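Given next are the chains, with one letter for each unit.
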Amino acid sequence: MARMVTTQNKVISTAAAWLVGFLIFFPILWMVLTSFKTELDAFSIPPSFLFFHWTTENYVTVQERSDYLHHALNSIIIAGGSTLIAMVIAVPAAWSMAFSPTKRTKDILLWMLSTKMMPPVGVLVPIYLIYRNFGLLDTRAGLVFILCLGNLPIVIWMLFTYFKEIPKDILEAARMDGATIGRELIYVLTPMAIPGLASTMLLNLILAWNEAFWTLNLSTLDAAPLTVFIASYSSPEGLFWAKLSAASTLAIAPILVLGWFSQRQLVRGLTFGAVK
Amino acid sequence: MKNVLCAVAGAATLLISAPSLAQTTLTIATVNNSDMIRMQGLTSEFTAKNPDITVKWVTLEENVLRQRVTTDIATKGGQFDVLTIGTYEVPIWAKKNWLVPLDKLGADYDVGDLLPKIRDAVSVDGKLYAAPFYGESSMVMYRTDLFDKAGLKMPDSPTWDFVVDAAKKLTDKAGGTYGICLRGKAGWGENMAFLTAMSNSFGARWFDEKWEPQFNSPEWKKTLETYVDLMKQAGPPGASSNGFNENLALFSAGKCAMWIDATVAASMVTNPKDSKVADKVGFALAPNTGLGKNANWLWAWSLAVPAGSKKVDAAQKFIAWATSKDYSKLVADKEGWASAPPGTRISLYKNPDYLKVAPFAKMTLASIDAADPSHPTVKPVPYVGVQYAAIPEFQGIGTSVGQQFAAALSGNTSVDAALAAAQTSTEREMKRAGYIK
């Protein structure tokens, strides 16, 4: 009897999990389906789920009108570059705060987080002027810099919480054996923190990939990433839902694939912490 | 030998300098509307005639574009050479010297052929600061089959009383047909474009001659009560989140008996490729209450050159090409006259080929003629603009008032409370901006 209840519970919880998963995934599925519809089918009421005239016309139009590869390459460089630089800065910062905290460490951490509370539009004009004067408008370097700065507080916070879970004793033992700070970081800390580092990197990559305020405002053509590509298909006067869906599907495809392959590391990093 | 050397050196210099002299790259910022996308597709026709000019396009959604180009022009960022802006921006930006007057459009441009109302809307002190690419007003689009079935006849210039009665009669909520679809989504260019134009026909105004907000007037109360009651009884569910696109989808799917919106929608709802009711659509002027003003607006997406551009001549050359009569003909040759950009040139409305394929042409022209941005209201006002007041503060104020009115439509607040809140917030902003004490 107990076994039956367990099985029943398992079936119910599995079904519930699938249902919740499907509900969360549904908007993406709907977007992909819409990208294969004609514009007329895209807004037909009631909407048709699978039985419509399937067409790849929207992808052809999007390809004709925009240089997808140029935008995708910019997204990869900007998101990847800003993530790598953020990690290079954040790992030593989080390490020192986690293992050699001072009286002010908590205040510094809170201050860093507080910079995320300001709406970015509040500093748009000064930043635009600085970028104009330094010739950084519409450059990949400019976008890498601003996204790196924007995401740095979150990256440091995440790494700080992972590093906090690593017992100090292990590091002390390494020091007793004569390890230098560099060796301690590379050979002792890093292997233990890999799940944390991986999930931080992936999250930062997703945040940078989706960032749509600075990338839209500071880029024009040469450095324009996929956010600009999508914005060029949205229109308040005209129904281009199918084309917009095709552009959006293309824009999320790379990061979706990356997320799919690394979901195990991502989940482990987010749920189990560094050394459990 | 010396001569040969000189000739070789001269040729080499020419070869080296030729590409840098030849190529001027224009960066053009535009919105993602059908007519603009068509222009983008025809760029090669322009560059074939002007091989020394290369054109690069930045196409963005309207609100993103507005923020992007405003930031750039205000900081003299110099990222764009040609901007697509509306009639709202032109007078404000021209007065700030942010735009270059368009005085090099060429002898054969024929400025006199521009529709006078549209030309006035993009001129300041008689100087053209932007060239209209396409113009629009608003009008009633209605289902002729449903009107015939109900035994109703739409007049060319209906009153609000007629529209309200007809909408109630044609509503069949069980059958999924609604008497009227109107904008409800909050925003200065969304519900407030419609409601401001509607309020003009009821004799209301945003500000009196001393810039005092007028939402406490009986005219505004009548406007908002009529709108909310009409939409509650004859509008589609969830109307407070409907903008142009949502209503276009509803009307094209056959769910609305009437729709009052931009005249550019006419070519979309009569196109069998995009609309299920393409052959059943009639047109009429936006409604009035007999006070001499119809509830229609005036807008033109126009091309302008920012003061920071270093390629003013090439930019004006492009603008002259894109807004010329020849461009309309080029579009007609490629895609038919129905696709020609509407609402800017008198000659288009005299062209029998265009009139043959555009059943909405007559009413579009009549609607544009019926709007007067210089005298938009029954009572005098200190501002220019039919569905907006052309002051920099209007975007913020308009959106804030739009949110109050959307709340009244969705039933979250009453008409009286929404008007009181609109009055308070507008007074506060106008005081802060220094218009009133």
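Report follows, based on the coordinates. Values in this document were obtained by computation on a predicted structure and should not be read as measured data.

The rules behind the values
- Residues numbered from 1 in each chain as written.
- Chains lettered and ligands numbered in written order.
- Predicted model: local features only at pLDDT ≥ 70, side-chain atom pairs only at ≥ 80, totals over all residues.
- Helix = DSSP H or I, 4+ residues; strand = E, 2+ residues; numbered from the N terminus.
- Buried ≥ 20, exposed ≤ 12 C-beta atoms within 10 Å, placed from the backbone.
- Contact = placed C-beta atoms within 7 Å.
- Nonpolar A, V, L, I, M, F, W, Y, C, P; charged D, E, K, R; others polar.
- Expected span 1.5 Å × (residues − 1).
- Bend = angle between axes of the 7 residues up to and from the residue.
- Pairing = 2+ DSSP bridges.
- Core = buried A, V, L, I, M, F, W, Y, C linked by C-beta atoms within 7 Å.
- Axes fitted to C-alpha atoms, helices over the stretch in contact; angles between N-to-C directions.
- Parallel < 35°, antiparallel > 145°, perpendicular 65-115°, else oblique.
- Left-handed = near helix turned anticlockwise from the far one by under 90°.

Along the backbone of chain B there are 18 helices and 10 strands. Overall, the C-alpha framework of chain B stretches about 95 × 55 × 35 Å when taken along its three principal axes. Taking all 437 residues of chain B together, the buried fraction comes to 50%. For chain B, contacts bridging at least 24 residues in sequence account for 74% of all contacts bridging at least 6.

Attention now moves to the overall build of chain A. Along chain A, the regular secondary structure elements total 13 helices and zero strands. Each of the three principal axes of chain A carries a C-alpha extent, and together these read 75 × 70 × 30 Å. Within chain A, the proportion of its 276 residues that are buried is 36%.

So, about the interface of chain A and chain B. On the chain B side, the residues contacting the 25 residues of chain A number 27 residues. Looking at the side of chain A that touches chain B, the elements with two or more residues in it are α2 (39-42), α6 (124-133) and α10 (214-218) of chain A. The element best represented in the side of chain A that touches chain B is α6 of chain A, accounting for five residues. In terms of residue class, the side of chain A that touches chain B is built from 14 nonpolar, seven polar and four charged.

What follows concerns helix α9 (residues 181-210) of chain A. The end-to-end C-alpha distance of α9 of chain A, which contains 30 residues, comes to just 36 Å, noticeably less than the 44 Å that a straight helix rising 1.5 Å per residue would cover. Most pronounced at I194 of chain A, the bend in α9 of chain A amounts to some 65 degrees, and the proline P195 of chain A follows within four residues.

Here we take up helix α17 (residues 394-410) of chain B. Residue and element names in this part refer to chain B. With 17 residues, α17 should reach 24 Å at 1.5 Å per residue; the first-to-last C-alpha distance of 24 Å fits that figure. Buried within α17 we find F394, I397, G398, V401, G402, Q404, F405, A406, A408 and L409. At its buried positions, α17 is contacted by α9 (191-201), α10 (218-234) and α18 (415-432). Looking at the residues trailing α17, positive phi occurs at G411, about 90 degrees.

On to the pairing of strand β8 (residues 256-262) of chain B. Residues and elements named next belong to chain B. For β8, a buried count of seven out of seven residues is recorded, marking the element as mostly surrounded by other parts of the structure. Bridging between strand β6 (residues 131-143) and β8 involves five bridges; their strand directions are antiparallel. When the sheet's bridge partners are listed, S138 is paired in β8 with A262. Sheet analysis places strand β7 (residues 178-181) next to β8, joined by three bridges and oriented parallel. Of the residues in β8, the one forming a bridge with I180 is M258.

Turning next to the environment of D138 of chain A. On the secondary structure map, D138 of chain A appears in the loop between α6 and α7 (140-164). Given 19 C-beta atoms within a 10 Å radius, D138 of chain A is considered partly exposed. Remark: the alpha-carbon pair of D138 of chain A and S219 of chain A, spanning 81 residues in sequence, is separated by 4.0 Å. With sequence-adjacent residues up to four places away left out, D138 of chain A is seen in contact with S219, T220, L221, D222 and A223 of chain A together with Q79 of chain B.

Looking now at the nonpolar core. Across soluble globular proteins, you tend to see nonpolar side chains buried next to one another. Counting residues in each nonpolar core, the largest one holds 194 residues, and the members touching the most others are A94 and L159 of chain A together with V82, M141 and M258 of chain B. Considering every element that reaches this core, the biggest residue donor is α7 of chain A, with 14 residues. In this view, A94 of chain A contacts I156, L159, F160 and F163 of chain A; residues no more than four positions away in its chain are not counted.

Further remarks concern the packing of α9 of chain B against α17 of chain B. Residues and elements named next belong to chain B. Here α9 crosses α17 at 85 degrees, and the two axes come no closer than 9 Å. When the axis of α9 is compared with that of α17, the two are roughly perpendicular. Contact residues: N191, M192 and L195 in α9; G398, V401, G402, F405 and A406 in α17.

Residue and element names in this part refer to chain B. Phi is positive for N97, close to 60 degrees, though the residue is something other than glycine. Within the element layout of this structure, N97 appears in the loop between α5 (89-95) and α6 (116-121). Of the residues examined, N97 has 9 C-beta atoms within 10 Å and is grouped as exposed. Its identity as a non-glycine residue notwithstanding, D110 has a phi of 65 degrees, on the positive side. Residue position: D110 is located in the loop between α5 and α6. On the neighbour-count criterion, D110 (14 C-beta atoms within 10 Å) is partly exposed.

Another aspect to go through is the environment of D81 of chain B. Residue and element names in this part refer to chain B. In this structure, D81 sits in the loop between α4 (62-74) and β3 (82-85). Sequence separation between D81 and A197 is 116 residues; the distance between their C-alpha atoms is 33 Å. The residues contacting D81, other than those within four sequence positions of it, are L26, T27, I28, V305, S309, K311 and A315.

In this section: the packing of helix α5 (residues 105-114) of chain A against α7 of chain A. All names here are of chain A. Close contact between α5 and α7 brings their axes to 8 Å; oriented N to C, the two are set at 140 degrees. Viewed along their axes, α5 and α7 adopt a mutual orientation that is oblique. Seen from above, α5 lies across α7 with left-handed handedness. Contact residues: L109, M112 and L113 in α5; P153, I156, W157 and F160 in α7.

Residue and element names in this part refer to chain B. Residues V82 and T84 of β3 are buried on one face, and the alternating residues L83 and I85, pointing to the opposite face, are buried as well. Both β3 and strand β10 (residues 298-304) contribute to a ladder of three bridges, which runs antiparallel. Residue pairing for β10: L83 is matched across the bridge by A304.

Residues and elements named next belong to chain B. Here V281 lies in strand β9 (residues 281-285). Taking the number of C-beta atoms within 10 Å as the measure of exposure, V281 has 21 and is therefore buried. Sequence separation of V281 and L146 is 135 residues, and the distance between their C-alpha atoms is 9.8 Å. Those residues in contact with V281, other than ones at most four positions away along the chain, are M141, R143, T144, V269 and T270.

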